[in-house]
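Examination of the molecular architecture
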Amino acid sequence: TGYITYDPGYANTGSCKSDVTFVDGEKGILRYRGYPIEDLAEHATFIETAYLLIFGDLPTRGQRQKFRDLLSEQELLHEGLRHHFEGFPSTGHPMAILSAVINALGCYHPDLLEIDSKADFLRAAAKIISKVRTIAAWSYRKAQGLPFMYPDPKLSYCRNFLHMMHSIPHRHYEPTDAQVRALTLFFLLHADHEQNCSCSTVRMVQSTEANLFASVSAGICALWGRLHGGANAGVIEMLEHIHEGGTSIPDYLEKVKNKECKLMGFGHRIYKSFDPRAKILRKAAHDMLESTGHDDPLLDIALEMADAAMSDEYFIERRLYPNVDFYSGIILRALNIPVNMFTVMFAIGRMPGWIAHWYEAYADGATKIHRPRQVYTGREPRVYVPLDSRI
Ligand code: CMC
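Residues numbered from 1 in each chain as written. Predicted model: local features only at pLDDT ≥ 70, side-chain atom pairs only at ≥ 80, totals over all residues. Heavy atoms only, no water.

In the nomenclature of an unreviewed UniProt entry, the protein chain is known as Citrate synthase of Pseudodesulfovibrio hydrargyri. UniProt lists a comment for the protein chain under the heading Sequence similarities (unreviewed entry), and it reads "Belongs to the citrate synthase family." Per UniProt, the protein chain carries the Pathway (unreviewed entry) text "Carbohydrate metabolism; tricarboxylic acid cycle; isocitrate from oxaloacetate: step 1/2." (UniProt positions renumbered as here; feature names shortened; annotations may be inferred.)

As structure tokens, then:
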């Protein structure tokens, strides 16, 4: 079988060449298409960031307007898709619904299962980026037994999502500017992170020449796990457990050190000094609560926990720091997003990144099918034993 390099978890395997995102984990640097994440977080909108990731440059005013118009055109779901929501039990996990309905979009747009031109790609990408909000919000409405709220084309991307989540007939939900800014920041900071598990999944599925809907639907499934996007819900569950008196911070850290559980929202395969996204979100969570006059005791617990962990030998030795998921849940709670929707929120934010990577691989044309090898550790050849002779 030839020589095979054993690299569990692909920690040292470059699976592709990519122009999209640069990460230097030693220095805590993250750039989208060359722009530092700190600059984008301060100045850009989520839609500009999505455009940047997918097309390579920030849009001009005209390009941004055109992209916005395209997203508004695509925000409605086909009425046939309503039946899909009705078919799910109200206890169905919103990540399962999101992945299923995004994949089902392909049934409603069969002309886009094959992408023949840049215009086709743009239409498919806009459909997914726009409709993912509607699908996410409707999965929540279904679970709550609330009527579906249709998108409002007059609203910006983030306001429209909050409207579909929280408005009720004849009572329009009006988020504050600080809430909209915090949601923009949340989506923007999650928009891409090079070859993480879900992005690599999208690229792996794409490498078989599978369509965009199926590929990003697979990305959603990969994101769901608690070691990846599911960590943001895990963090809040952990902080709530401490808040409700289930355990204390020192006792929890002791359990972590005894390997009985993990400190959720800590550690990263690449970042070994700090995660720049966590740094921005820590400040944003703090600022947002201050500006809205909200007080969230979980933020105090999170800050105390982070400080305790970062001065503890176990975490220092292993170079474990808060990651993007550690503070993001505080922001989502202040936006009245329920915990089981947290990973869905991550998926909405990550969608432009998945799409940018799918297109990069597709446009390259020379991408080989992803087909890792293994180190076989099973039995040597043996002779078939007839059923009656087995003991
Ligand atoms: N709590 C306690 N110990 C940890 C943690 C943690 N959160 N993370 C890593 N370690 C320990 C791990 O047990 C190992 O210890 P030892 O050397 O004694 O065996 C050492 O640190 C190295 O960890 P690893 O598991 O080899 O690291 P990895 O690169 O394979 O895993 C990770 C990275 C993010 C999966 C892991 O740090 C983790 O499970 N963190 C908690 C879940 C989490 O917050 N995930 C979100 C990641 S960032 C956003 C995203 O990508 O979705």
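From this point, the discussion proceeds with the structure in view.
**Quick word on the pairing of strand β2 (residues 29–32)**
Burial of the side chains of β2 is restricted to one face: Leu30 and Tyr32 are buried, whereas none of Ile29 and Arg31 on the reverse face is. As paired strands, strand β1 (residues 21–24) and β2 are joined by four bridges and run antiparallel to one another. Counterpart to Asp24 in the pairing with β2 is Ile29. Linking β1 back to β2 in an antiparallel pair, the connection comprises four residues, with Gly28 at a positive phi of about 70 degrees. Linking β2 to strand β3 (residues 35–36), which pair antiparallel, is a turn of two residues; within it Arg33 sits at a positive phi near 50 degrees. (Buried < 20%, exposed > 50% of the residue type's maximum accessible area, 1.4 Å probe, protein only. Helix = DSSP H or I, 4+ residues; strand = E, 2+ residues; numbered from the N terminus. Pairing = 2+ DSSP bridges.)

**Concerning the UniProt feature "active site" (unreviewed entry) in the protein chain**
With numbering aligned to this structure, UniProt lists the feature "active site" (unreviewed entry) at His268 and Asp325. Over a stretch of 58 residues, the named residues converge on one spot in the fold, their C-alpha atoms separated by at most 10.6 Å. With respect to the helices and strands, His268 occurs in the loop between α12 (249–257) and α13 (276–292). His268 gets classed as partly exposed once you look at its relative accessible area, which sits at 23%. If sequence neighbours within four positions are ignored, His268 has contacts with His193 and Arg277. Separated by 2.9 Å, the side chain of His268 and the backbone nitrogen of Ile270 make a polar contact. With respect to the helices, strands and loops of the structure, Asp325 is situated in helix α16 (residues 324–334). In contact with Asp325, other than residues within four places in its own chain, are His190, His228, Gly229, Ala231, Asn232, Val235, Gly265 and Phe346. (Contact = heavy atoms within 4.5 Å. Polar contact = N/O pair within 3.5 Å; in protein donor to acceptor, adjacent residues only side chain to side chain.)

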